[in-house]
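Residue-level structure breakdown
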2 protein chains.
Amino acid sequence: MTSTEIPFLEACRGQVPATTPIWIMRQAGRILQPYRELRQHHGSISTLFNTPELATEITLMPIEMHGVDAAILFTDLVTPLAALGCEYTYAPGPVFSSPTRTAADIAALRPVVPEEDLGFVLETVRMVRRALPPSIPLIGYAGAPFTLATWIVQGGSSKDFPAFRGMIHKEPALAHQLLDKLSDLVADFLQAQIKAGAQAVQLFDTSVGLLSPSQFGEFALPYLQRICARIAPLNTPIIYFPLAANHNFPHFKQVGADVLGLDWRIGIKQAQTQFDNRMPFQGNLDPCVLYGSEESIINEAHRILQQAKGHPHIFNLGHGVFPDTPYENVKLLVDTVHQFAGK
Amino acid sequence: MTSTEIPFLEACRGQVPATTPIWIMRQAGRILQPYRELRQHHGSISTLFNTPELATEITLMPIEMHGVDAAILFTDLVTPLAALGCEYTYAPGPVFSSPTRTAADIAALRPVVPEEDLGFVLETVRMVRRALPPSIPLIGYAGAPFTLATWIVQGGSSKDFPAFRGMIHKEPALAHQLLDKLSDLVADFLQAQIKAGAQAVQLFDTSVGLLSPSQFGEFALPYLQRICARIAPLNTPIIYFPLAANHNFPHFKQVGADVLGLDWRIGIKQAQTQFDNRMPFQGNLDPCVLYGSEESIINEAHRILQQAKGHPHIFNLGHGVFPDTPYENVKLLVDTVHQFAGK
């Protein structure tokens, strides 16, 4: 099987594979019994993120268990922020010991050399790549700059992330300084993941739905474009996943990504009509469908597959799988997508 | 001043008042020093919601302090749920003692007679109405059925509310039973508020952004329509405020509300182009603008006022004011909106 025959990579390149590939956001995590055992055994989740042998084991779990078509690096959105000097603990989500809010805080962020400061992540990439069969690509992972900024300025999770959203109005120049540093971090980190063996990368922008179209144009788009331009020479597909941001949809074609991740709140047909090109889509089953009956899971999966027929498409959920999702329903979804081609 | 000369009510009726009226979501609450003192003095927030004299005092505070053009009843989204038999405490947000998840749980929800079971709220409406000058209308308040369902099925706050979203896939008939009961509650409660003296009512749908367009059509729209149809004979304007739901925008004209509350993520011009009628709009300043400089507050307010010129418009934020917003900035916003007409 050459790389162009790997369905996931074919779809990333804008081709329509014979069988629609599928992977599932948060496929390597709490839905898996072996993961929960590992987590209990090691106590702290940081140990799982920061130990290459454990992160490798977790990254590989869903490949055999679900039969998905791609692996995604088991790491956390906040992992690279520790290298900047932002300390946090899990309680249970990340809580930063002090939020990054002032000019002095931002000036104090350390320059990051991924090979030195995030070597354990790159070592995981290399270990996973060696362990995976050649037919299963590995997707690298980073948060997008706006999303990372919302976390470190807030100092933890939030529905509204008012701290960084306030900064963009109160001290826009400072907000841009922070986004500038975070963009360099993300571009360097993703480049290093690709050099270590990642065959695609996904930029998660889970907070970006909080921005209005004009705010997106000023505080998200230029930084996403810069990152995509820095990755472009490496000839490795970039998937951009903006959550809850369909009000900004027309802007997404300018980002420079190769694949657009859709959340469940937009129909694939509607997404197609808003783009004048054939940008590949990834998504977009409502994760809550996986709480439903077998029949509803199959029907909803078929509905999406029908809509995407003839379009380059990677099946996925529209957001991460919920931890309490019945495992057999995830397996049913993967099988349903794989069996669809024959219909 | 006759009722048609009250700017807020003129705008609700589709007219363009000489001066744009303004009120602010969560205007009666933690941004006000006298509120914080009252809260500290009485300890529990339930006491403030459930004691007509205190709720009246709080409802009236922003009228004098900010100079806003309408009062909104100080009550909580979950207040009417207690009458159904759903018990909760504040920690600090509402946490239900047991979530409503099974057919038996839903069957056990008690029928509510607002005059008996929610009399303290109606007493607040009457007291506020007596205390307010005739030029200041009082807006009644209820959560929309989908939003109320997400809260009682989850049993508390959540970013994603997976419990009720799972129920709509797993047991859709049960989900409809619950929405049915909640819709009757909301319609009865709003009718009672209107009979007690509320001159407009706002339906808050803060969770509805989680629904895809087809889910909105099935699990939100018919219930909203039923409520609006039940209110229509009372000839009292209904404001529908869906949060983070601009992907469902084309459906909103079918709801049957008189005014659409816009969150900050859609431009007023864009909202106008999506509606073929002249539905009045309420909104839509990003609440985070109020963390910014005087200049940026004035500029952003003017931008919205310019866009809405000639259209029936009630100025408001695009979501509730954040508790740590500088008080003087709220005052500046109100003055800026009032002074705009002369420009």
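Above this note sits the structure.
Predicted model only: the values in this text are computed from it and were never measured.

Within the largest apolar cluster, 258 residues are counted, with the highest numbers of intra-cluster contacts made by Leu333(A) and Leu333(B). Apart from the residues within four sequence positions on either side, Leu333(B) is in contact with Ile22(B), Ile24(B), Leu285(B), Leu290(B), Ile297(B), Ala301(B), Phe315(B) and Leu317(B).

Peptide bonds are mostly trans, and most non-glycine residues show a negative phi. A cis amide bond links Ala91(A) with the next residue in sequence, Pro92(A), at an omega value of -15 degrees. Note that the residue after Gly283(B), namely Asn284(B), is joined by a cis bond; omega there is -10 degrees. Tracing the sequence through the fold places Asn284(B) in strand β8 (residues 281-285). Backbone geometry places Ala244(A), a non-glycine residue, at a positive phi of 55 degrees. Mapped onto the elements of the fold, Ala244(A) is located in the loop between β6 (238-242) and β7 (259-261). Residue Ala244(A) is classed as partly exposed on the basis of its relative accessible area, which comes to 31%.

Moving on: the sheet that holds strand β8 (residues 281-285) of chain A. All names here are of chain A. Read across the sheet, seven strands follow the order β1-β4-β5-β6-β7-β8-β9 without closing on themselves; strand pairing throughout is parallel. Either end of the sheet is taken by a strand with one partner, and the two such strands are β1 (71-72) and β9 (313-317). Of the strand pairs in this sheet, strand β4 (residues 138-143) and strand β5 (residues 200-205) are connected by five bridges, and their pairing is parallel. For Tyr141, the partnering residue across the bridge sits in β5 and is Gln202.

A common way to state how big an interface is: give the accessible area lost once the parts meet. Taken together, the contact between chain A and chain B spans 30 residues of the former and 30 residues of the latter. Carbon and sulfur atoms supply 58% of the area buried between chain A and chain B, which totals about 2,400 Å² over both sides. Taken as a group, Lys159(A), His169(A) and Arg265(A) account for 25% of the area that chain A buries against chain B, more than any other trio of residues on that side. Inspection of the region where chain A meets chain B yields two salt bridges. Across the pair Arg165(A) and Asp286(B) runs a salt bridge whose closest N-O atoms are separated by 3.0 Å. Run the count over chain A and chain B and you get 14 residue pairs in polar contact (both at pLDDT 80 or more). At five residues, helix α10 (residues 162-170) of chain A tops the list of elements feeding residues into the side of chain A that touches chain B. By residue class, the composition of the side of chain A that touches chain B is 11 nonpolar, 13 polar and six charged.

What counts as what
Residues numbered from 1 in each chain as written. Chains lettered and ligands numbered in written order. Predicted model: local features only at pLDDT ≥ 70, side-chain atom pairs only at ≥ 80, totals over all residues. Heavy atoms only, no water. Core = buried A, V, L, I, M, F, W, Y, C linked by side-chain atoms within 4.5 Å. Buried < 20%, exposed > 50% of the residue type's maximum accessible area, 1.4 Å probe, protein only. Contact = heavy atoms within 4.5 Å. Helix = DSSP H or I, 4+ residues; strand = E, 2+ residues; numbered from the N terminus. Pairing = 2+ DSSP bridges. Buried area = accessible area lost by both parts, 1.4 Å probe. Salt bridge = Lys/Arg side-chain N within 4 Å of Asp/Glu carboxyl O. Polar contact = N/O pair within 3.5 Å; in protein donor to acceptor, adjacent residues only side chain to side chain. Nonpolar A, V, L, I, M, F, W, Y, C, P; charged D, E, K, R; others polar.

By themselves, these are just geometric observations and shouldn't be taken as functional.
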